Amino acid sequence: MTFYTESYFMHQQQFNSLVNYAVILVLILLVLINSFRYFRHQLQTRYRDLGIIFFLLLLIFAGLQVTNLEKTYSQQSQSLQMRPFIRAVAKDHGISPNKVVVNSTTLTDGIIVRFDKKDYRVNLSPSGDNYTLTRAHVVDHRVIIQK
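Predicted model, so just to flag it, every value in this text is computed and none were measured.

Criteria and cut-off values
Throughout this document, residue positions are counted from 1 along each chain, in the order its sequence is written. Only residues with pLDDT of at least 70 get local features here, since the model is predicted, and only at 80 or more are side-chain atom pairs given and counted; chain-wide, interface and lining totals rely on the full set of residues. Side-chain numbers come from the whole structure's heavy atoms, not from hydrogens or water. We count a stretch as a helix when DSSP gives it H or I for four or more residues in a row; a strand needs E for two or more, and each element gets its number in order from the N terminus. Every radius of gyration here is taken over C-alpha atoms, with the globule rule written as 2.2 Å times N^0.38, N being the number of residues. In this scheme, a residue with accessible area under 20% of its type's maximum is buried, one over 50% is exposed, and one in between is partly exposed, where area comes from a 1.4 Å probe on protein chains only. Note on definitions: a residue-residue contact is assigned when non-hydrogen atoms from the two residues lie within 4.5 Å. A 1.4 Å probe and the Shrake-Rupley method give the accessible areas. Residues count as covered only by the protein chains that appear here. Residues counted as positive are Lys and Arg, residues counted as negative are Asp and Glu, and His and the chain ends are not counted. To locate a charge, the coordinates of NZ of Lys, CZ of Arg, CG of Asp or CD of Glu are taken. pLDDT measures how confident the predictor is about each residue, on a scale from 0 to 100. UniProt positions are given in the numbering used here, feature names are shortened, and annotations may be inferred rather than shown by experiment. Under this definition, polar contacts are N or O atom pairs within 3.5 Å; protein pairs additionally need one hydrogen-donor-capable and one acceptor-capable atom, and for neighbouring residues in sequence, both atoms have to be side-chain atoms.

Chemist: Describe in detail the overall build of the protein, supporting the description with residues and values.
Modeler: Counting its regular elements, the protein contains 4 helices and 6 strands. Along its sequence from the N terminus, the protein presents helices and strands in the succession β-α-α-α-α-β-β-β-β-β. Its C-alpha atoms give the protein a radius of gyration of 24 Å, more than 25% over the compact-globule value 15 Å for 147 residues. The principal-axis extent of the C-alpha atoms belonging to the protein is close to 75 × 30 × 25 Å. Among the 147 residues that make up the protein, the fraction classed as buried is 28%. Sequence-distant contacts, at least 24 apart, represent 55% of the contacts inside the protein between residues at least 6 apart. Entry remark: accessible area of the protein is about 10200 Å², with carbon and sulfur atoms responsible for 59%. Mean positive and mean negative side-chain charge positions of the protein (16 and 9 charges, respectively) differ by 10 Å.

Spelled out as structure tokens, the structure:
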């Protein structure tokens, strides 16, 4: 079972987006270089063909990046709710927010909160403005904590 700390929500890395931006930048440079070569040597169509291939690859990666951005925006808006929840649990129980971990990146009914080596199930109100913790026991005791 994977648990997440408050610092995980503060420093979520978006390595995939960075890689996609780098690939898009390289493809833009390749399209520009091949366009320059094609206009310089108009009789050689291989530069035109390479330019078309690089341009199509650029369109594919740009589309993937737009999809990733939409997904990331949705996940970030949902995970923004977790930091105040973790801080509220820590404040209510008189512990440091660093000692509270949750098993989900989104605040939903039924997630597991762990602190003081005990697990609790979260029962959220329909409006989501209050919660109840019920003692829970997990089946799989192997825990991975994402910081």
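Chemist: Let's hear about the confidence of the model for the protein: which residues, and what values?
Modeler: Per-residue pLDDT for the protein has a mean of 84; in total, 94% of the residues score no lower than 70. Mean pLDDT across the secondary structure elements of the protein bottoms out at helix α1 (residues 6-10), with 74, and peaks at strand β3 (residues 112-115), with 94.

Chemist: Can you explain the environment of A136? Please cite residues and give values.
Modeler: Along the chain, A136 turns up in strand β5 (residues 131-136). C-alpha separation for the pair A136 and D119, spaced 17 residues apart in sequence, amounts to 5.3 Å. Non-local contacts of A136, meaning those with residues more than four positions away in its chain, are made with I112, D119, Y120 and R121.

Chemist: Summarise the UniProt feature "transmembrane region" (unreviewed entry) in the protein; cite the residues concerned and give the values.
Modeler: The positions UniProt marks with the feature "transmembrane region" (unreviewed entry) are residues 18-38 and 50-69. The span residues 18-38 carries 100% helix and 0% strand; its end-to-end C-alpha distance comes to 30 Å. Structurally, residues 50-69 comprises 100% helix and 0% strand, and the distance from its first C-alpha atom to its last is 28 Å.

Chemist: Summarise the side chain of D119; cite the residues concerned and give the values.
Modeler: With respect to the helices and strands, the residue D119 is situated in strand β4 (residues 118-124). The buried category is assigned to D119, whose relative accessible area is 6%. At 2.5 Å, the side chain of D119 forms a polar contact with the side chain of R114. Here D119 is in contact with F3, I112, V113, R114, T134, R135, A136 and V138, once residues within four sequence places are set aside.

Chemist: Can you tell me about unusual backbone geometry, naming the residues and giving the values?
Modeler: In the Ramachandran plot, D116 falls in the positive-phi region, its phi being about 50° despite a non-glycine side chain. With respect to the element layout, D116 can be found in the loop between β3 and β4. We note that K117 has phi near 60°; this positive angle belongs to a residue other than glycine. Here K117 is to be found in the loop between β3 and β4.

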